[in-house]
Each structure stands twice: as C-alpha cells, then as structure tokens.
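# Understanding the architecture of this molecule
Below are the chains, spelled out letter by letter.
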Amino acid sequence: ALDAMAARLPGYGTLDGDRVHGDRGGLAHRGRDGETSWHAADGIWVAVEGHPRWTDAGLRHVAAQNGHGAAIASAFRGWGADLLHALAGDFAIAIVDETARKALLAIDRFGIRTLSYASPGPGRLVFGSTVDSVAAHPTVGSTVRPQSIFDYVNFVDRIPAPHAIFEEQTKLLPGECVLIE
C-alpha cells in the first residue's frame, strides 16, 4: 500500500529508505531535498515537509542538531497538539503516536503545503500530501464528488478545502490541524 501511495507522489526523488513499518501501519515520505524530514523513535513517527521555523529556542536547537522531525517528536511528547504554537513558516506535518494510538495532522497558516486524509473504517487513518496518493490506498475509495467538478471549473483549477475531488477524503484548511485518537 505504501509503494502504491508513494508512486502517486510527485517525482521528487526515490522512496528507497524513506519508509517505516510498524505493527499497525506504516509511513512513507518523499520530497525535495532540504524540504523534508522524518523521524521514527519510541513509537512516534513524524513526517514534515516544508520549511518550519521554531519560535522556541530549545526546539530550534533540536531541529538544527537532529532535524525538524526529531524536534516535532520531542515537542509532541511534551506538549501534544500545542506544539503548533511553537511553529511558523510553511509546513505540513504528520505525527503518528503508535503507542497512544493518536495522530496529528497539520499545515501552515497560509496553506502553502497540503494534506489530505481519509478514515476508511474504525481505527483506520490514511493520509498524504496529495489526494491521488490517499486514493491509491486499497481501503480508500475514489468516488468523484459531483460538486468538486463545478468547484474545479469555478475556482480555476482548484477545489477549495476542506473538500477534495473524492468523496472519501478531506483536505486540511490553511492553519488547520486534526487530532485523531
């Protein structure tokens, strides 16, 4: 499933080495050099895309030493979703705490980065930076939402969030986060 989803992401590089699997899921991440970071340790998986800026000096130091993914994991352990108050810049982040069975998805305040997600069944979460990658997961449908066709034409090649072209998906609005437990 991760390979199928990654194949739908823009060709910014290879997926080799950019995946982690656990007992209940997996995380694959692909992006342009210098714009992605990911981290997996102690049951917390983090993928971040973009250029986050830290307002907290301690987290800025962790990010400089170990990457934004490590800083986000550290902040999530201590602050939960409140870690977003310490972030600025353009970013899309996904955090999965496998032990606590929580996930946090968030994008920057201007919506420069995007995230789409679907919940194809109880206790299931599928997310990705494009609607195509989410639709590629075998448990997520790809039923075209009729209103989306009108939106696409009306808004000149865009479907405004929170809607996606597919009925089964939701896109995050600028500055929005979703915490799933």
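Our subject is the structure listed above.
Residues numbered from 1 in each chain as written. Predicted model: local features only at pLDDT ≥ 70, side-chain atom pairs only at ≥ 80, totals over all residues. Heavy atoms only, no water.

## Focus: the overall build of the protein chain
- When you go through the protein chain residue by residue, the secondary structure sums to five helices and 10 strands.
- For the protein chain, the residues scored as buried account for 43% of the 181 residues in total.
- In the structure as shown, the protein chain presents an accessible area of about 9500 Å², 51% of it carried by carbon and sulfur atoms. (Helix = DSSP H or I, 4+ residues; strand = E, 2+ residues; numbered from the N terminus. Buried < 20%, exposed > 50% of the residue type's maximum accessible area, 1.4 Å probe, protein only. Areas by Shrake-Rupley, 256 points an atom, 1.4 Å probe, with all protein chains shown as cover.)

## Quick look at the environment of arginine 8
- Along the chain, arginine 8 falls in the loop between α1 (2–7) and β1 (19–21).
- A relative accessible area of 46% means that arginine 8 is categorised as partly exposed.
- Spatially, the C-alpha atoms of arginine 8 and serine 133 are 4.9 Å apart, while their sequence positions differ by 125 residues.
- If we ignore the near neighbours within four places in the chain, the residues touching arginine 8 are Thr130, Asp132, Ser133 and Ala136. (Contact = heavy atoms within 4.5 Å.)

## Comments concerning the pairing of strand β4 (residues 44–54)
- For β4, the buried fraction is high: nine of the 11 residues fall into the buried class.
- Relative to strand β5 (residues 87–97), β4 runs antiparallel, the two sharing 11 bridges. Note on β5: the bridge partner recorded for arginine 53 is alanine 88. (Pairing = 2+ DSSP bridges.)

## Some words on the side chain of serine 116
- Tracing the chain through its elements places serine 116 in strand β7 (residues 116–118).
- For serine 116, a relative accessible area of 3% gives the class buried.
- Setting aside its immediate chain neighbours within four residues, serine 116 contacts Val126, Phe127, Gly128, Thr130, Val131, Val134, Gln169, Thr170 and Lys171.

## What about the packing of helix α2 (residues 57–66) against helix α3 (residues 68–79)?
- Where α2 contacts α3, the two axes come as close as 6 Å, and the packing angle between them is 145°. Note that α2 runs across α3; the crossing there is right-handed. Between α2 and α3, the residues in contact are Leu59, Val62, Ala63 and Asn66 and His68, Ala70, Ala71, Ser74, Ala75 and Trp79, respectively.
- Considered class by class, the residues forming the contact of α2 with α3 number seven nonpolar, three polar and no charged. (Axes fitted to C-alpha atoms, helices over the stretch in contact; angles between N-to-C directions. Left-handed = near helix turned anticlockwise from the far one by under 90°. Nonpolar A, V, L, I, M, F, W, Y, C, P; charged D, E, K, R; others polar.)

## Overview of the pattern of salt bridges
- Considering all chains together, one arrives at four salt bridges under this definition.
- For aspartate 42, the salt bridge identified is with arginine 77, shortest N-O distance 3.7 Å. Placement of the pair is aspartate 42 in the loop between β3 (36–41) and β4 and arginine 77 in helix α3, with a sequence separation of 35 residues.
- For arginine 77, a relative accessible area of 43% gives the class partly exposed.
- Of the charged contacts in the structure, one is a salt bridge between arginine 113 and glutamate 49, with a shortest N-O distance of 3.2 Å. Within this pair, whereas arginine 113 is found in the loop between β6 (102–107) and β7, its partner glutamate 49 is found in strand β4, the two being separated by 64 residues in sequence. (Salt bridge = Lys/Arg side-chain N within 4 Å of Asp/Glu carboxyl O.)

## Section: the sheet that holds strand β9 (residues 170–171)
- Here we have three strands laid out as an open sheet, ordered β8-β7-β9, and antiparallel in their pairing. Here the strands that pair on one side only, and so sit at the sheet edges, are β8 (126–128) and β9.
- Summarising the sheet, β7 and β8 pair through three bridges and their orientation is antiparallel. Counted as the bridge partner of serine 116 is glycine 128 from β8.

## A word on the environment of aspartate 97
- Mapped onto the elements, aspartate 97 comes out in strand β5.
- As for aspartate 97 and alanine 40, which are separated by 57 residues in sequence, their C-alpha atoms are 9.8 Å apart.
- Look past the residues within four positions of aspartate 97 in its chain and what remains in contact with it is Gly43, Ile44, Phe76 and Lys102.
- A distance of 3.2 Å separates a polar atom in the side chain of aspartate 97 from the backbone nitrogen of threonine 99. (Polar contact = N/O pair within 3.5 Å; in protein donor to acceptor, adjacent residues only side chain to side chain.)

## Things to note about the environment of threonine 170
- Along the polypeptide, threonine 170 turns up in strand β9.
- Residue classification places threonine 170 among the partly exposed positions, given a relative accessible area of 28%.
- For the pair threonine 170 and tyrosine 117, spaced 53 residues apart in sequence, the C-alpha separation works out to 5.5 Å.
- Apart from residues no more than four positions distant in its own chain, threonine 170 is found in contact with Leu115, Ser116, Tyr117 and Pro162.

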